[in-house]
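Now for the letters of each chain:
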Amino acid sequence: MCGGDRIVKREESCGEKKSGKHVLEKWLLTHSEVLKDPWEDSEWEDTSPLDNYPVVLDPTFGQDNYCECIQNKRLGGDCSYVWANGDTYKGHMEDGVKSGYGLVTSPGNNIVGLSGDWREGMLDGKGRLVTQDTTVMEGWFRNSCLHGLARKIEIKKFRTFRQQVTWLGRYRSGVAYGRCWQWQEGGGYLTGIVDAEGEFSGDDIAFVYPDLETALVGIFAKGVMISGKPAELEAVDIIDDIAEPVFSISDSPAVRHCRSSRESVGQDPLVVDQYEARTVQVRSSQVEGGGEGLYAKRDIKKGEI
């Protein structure tokens, strides 16, 4: 599906377009259910060709001693195989070649499990990679490379530990490709067309605040903002089941990223943050002797702060 015509969807209700925030909220919610894979159906398989130098995730691919097993055709049926470096394969084989459902582990590569259906020794179709830090990558594979729609799930501590979908997007030949979304600690998302190395680098990357309406759009390098202009989310199209935002960018001066330190609160400390400006205000307490305090200017949903 993703290798052919693009599917563009703009939701409407009662003949009127839904707000960009509504569409984005719904898309993030339905694609962040940990126990429900949004791209499980075969219609989402990417049929586009691999590049000449794909990034292979299977650490056992091409190992010499495995080649010997293939040549000797010593393995068949459901079985287990252990390499000298500790890598393992458990699952079905035909004539010494991974075929059918199976699981690869590789302690030296921090892989707890790389599982799915194997064809002629390579992972093809839906697969799942679990690493030693409990990160899970679910997605479509081709020749043991991530190739198609994928998402990342990590353990994050809120009040308790829970699984959080932290990345949504697409891979091509083992590298992140096209429009991607990355959840940020504290809320909000980075989004943009990633570069050739799969990084959020370029002059049209956005940080969307937790309210999913306010944003900073501008120049980023490997996910760090160099400079950005305040913006508002105007609309969202769903293209090949990835949210494509449209921003209205302010003509206000650009702001810069500057990390605070023990000696400085950063450059331009009086520059107003548009998200804070529409969310909170400083005013005097109505309690005698209370002094000044920080007060909400609007209703704030759980998870916005």
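Cut-off values and rules
Numbering of residues begins from 1 in every chain and follows the order in which that chain's sequence is written. Only residues with pLDDT of at least 70 get local features here, since the model is predicted, and only at 80 or more are side-chain atom pairs given and counted; chain-wide, interface and lining totals rely on the full set of residues. To get the side-chain values, take all heavy atoms of the structure and skip hydrogens and water. Counting from the N terminus, the helices are the DSSP runs of H or I reaching at least four residues and the strands are the DSSP runs of E reaching at least two. Accessible area is worked out with a 1.4 Å probe on protein chains only. A residue is then buried under 20% of its type maximum, exposed over 50%, and partly exposed in between. In this analysis, two residues are considered to be in contact whenever any of their non-hydrogen atoms come within 4.5 Å of each other. Residue-level accessible areas treat just the shown protein chains as cover; the underlying method is Shrake-Rupley with a 1.4 Å probe. Nonpolar cores are built from buried Ala, Val, Leu, Ile, Met, Phe, Trp, Tyr and Cys residues. Side-chain atoms within 4.5 Å join them into one set. In this analysis, strands are considered paired if DSSP registers two or more bridges between them. Each salt bridge in this description consists of a side-chain nitrogen of Lys or Arg and a carboxyl oxygen of Asp or Glu lying within 4 Å of one another. The predictor attaches a confidence to each residue, called pLDDT, with possible values from 0 through 100. Any pair of Phe, Tyr and Trp rings, taking the six-membered ring for Trp, is counted once the centres come within 6.5 Å. Such a pair is stacked with planes under 30 degrees apart, edge-to-face with planes over 60 apart, and tilted for the rest. Remark: a charge is flagged as sitting over a ring if the NZ atom of Lys or the CZ atom of Arg is within 6 Å of the ring centre and within 35 degrees of the ring normal.

1. Some details on the overall build of the chain
Phase 1 of the analysis: Counting its secondary structure elements, the chain contains three helices and 20 strands.
Phase 2 of the analysis: Expressed as a percentage of its 305 residues, the buried residues of the chain come to 43%.
Phase 3 of the analysis: Nonlocal contacts in the chain, meaning residues at least 24 apart in sequence, comprise 36% of its contacts between residues at least 6 apart.
Phase 4 of the analysis: For the chain, the exposed surface amounts to about 17400 Å²; the carbon and sulfur share of it is 48%.

2. Considering the nonpolar core
Buried together is how nonpolar side chains tend to be arranged in soluble globular proteins.
Phase 1 of the analysis: In this structure, Leu114, Trp167, Tyr171 and Phe200 are the most contacted members of the largest nonpolar core, which totals 30 residues.
Phase 2 of the analysis: Of the residues forming this core, the biggest block, three residues, is contributed by strand S7 (residues 111-119).
Phase 3 of the analysis: One finds Leu149, Val217, Ala231 and Ile238 within the second-largest nonpolar core, a separate group that totals 27 residues.

3. Observations regarding the pairing of strand S11 (residues 161-172)
Phase 1 of the analysis: Relative to S11, strand S10 (residues 145-157) runs antiparallel, the two being bridged by ten bridges. Bridge pairing links Gly148 to Tyr171 in S11.
Phase 2 of the analysis: With five bridges joining them, S11 and strand S12 (residues 175-183) adopt antiparallel strand pairing. Paired with Leu168 across the bridge in S12 is Trp181.
Phase 3 of the analysis: The antiparallel pairing of S11 with S12 creates a hairpin that spans two residues between the two strands, and Ser173 there sits at a positive phi of about 55 degrees.

4. Things to note about the pattern of salt bridges
Phase 1 of the analysis: Under the definition given, this model contains nine salt bridges.
Phase 2 of the analysis: For Asp124, the salt bridge goes to Arg119, with nearest N and O atoms at 4.0 Å.
Phase 3 of the analysis: In this structure Asp124 comes out as buried when scored by relative accessible area, which is 13%.
Phase 4 of the analysis: By relative accessible area, Arg119 is classed as partly exposed at 47%.
Phase 5 of the analysis: Glu138 is the partner of Arg151 in a salt bridge, and the nearest nitrogen-oxygen pair spans 2.8 Å. Linking Arg151 in strand S10 with Glu138 in strand S9 (residues 136-142), this pair joins segments that are 13 residues apart in sequence.
Phase 6 of the analysis: Exposure remark for Glu138: the relative accessible area of 10% places this residue in the buried category.
Phase 7 of the analysis: Overlapping salt bridges, with partners in common, bring together Arg128, Glu138 and Arg151 in one network.

5. Re unusual backbone geometry
Phase 1 of the analysis: A positive phi is found at Ser173, a non-glycine position, where the angle reads about 55 degrees.
Phase 2 of the analysis: The topology assignment puts Ser173 in the loop between S11 and S12.
Phase 3 of the analysis: Residue Asp240 is not a glycine yet carries a positive backbone phi of 50 degrees.
Phase 4 of the analysis: Structurally, Asp240 can be placed in the loop between strand S16 (224-239) and strand S17 (242-249).

6. Focus on the environment of Glu33
Phase 1 of the analysis: Note on placement: Glu33 falls in the loop between helix H1 (20-31) and helix H2 (64-72).
Phase 2 of the analysis: Taking the C-alpha atoms as reference points, Glu33 and Gln163, separated by 130 residues in sequence, lie 9.6 Å from one another.

7. Topic: the confidence of the model for the chain
Phase 1 of the analysis: For the chain, the mean per-residue pLDDT works out to 87, and 88% of the residues sit at or above 70.
Phase 2 of the analysis: Confidence drops under pLDDT 50 across residues 12-16; counting only partners more than four residues distant or on other chains, this segment forms three contacts.

8. Concerning the packing of aromatic side chains
Phase 1 of the analysis: Counted under the stated rule, the structure contains seven aromatic pairs.
Phase 2 of the analysis: For the pair Tyr89 and Trp118, a centre-to-centre distance of 6.0 Å together with 85 degrees between the ring planes defines the contact as edge-to-face. You can see Tyr89 sitting in strand S5 (residues 88-94) and its partner Trp118 sitting in strand S7, a full 29 residues away along the chain. Across the pair, Trp118 and Tyr89 agree in class, each one buried.
Phase 3 of the analysis: A centroid spacing of 5.0 Å and a plane angle of 70 degrees characterise the contact between Phe207 and Tyr209, whose relative ring orientation is edge-to-face. In this structure, Phe207 and Tyr209 share a single accessibility class: buried.
Phase 4 of the analysis: Among the aromatic residues, those joined into a cluster by ring pairs are Trp27, Trp181 and Tyr189.
Phase 5 of the analysis: Between Lys98 and the ring centre of Tyr89, over which it is positioned, the NZ or CZ distance is 5.7 Å.
Phase 6 of the analysis: Cation over ring: Arg283 sits above Tyr295, and NZ or CZ is 3.8 Å from the ring centre.

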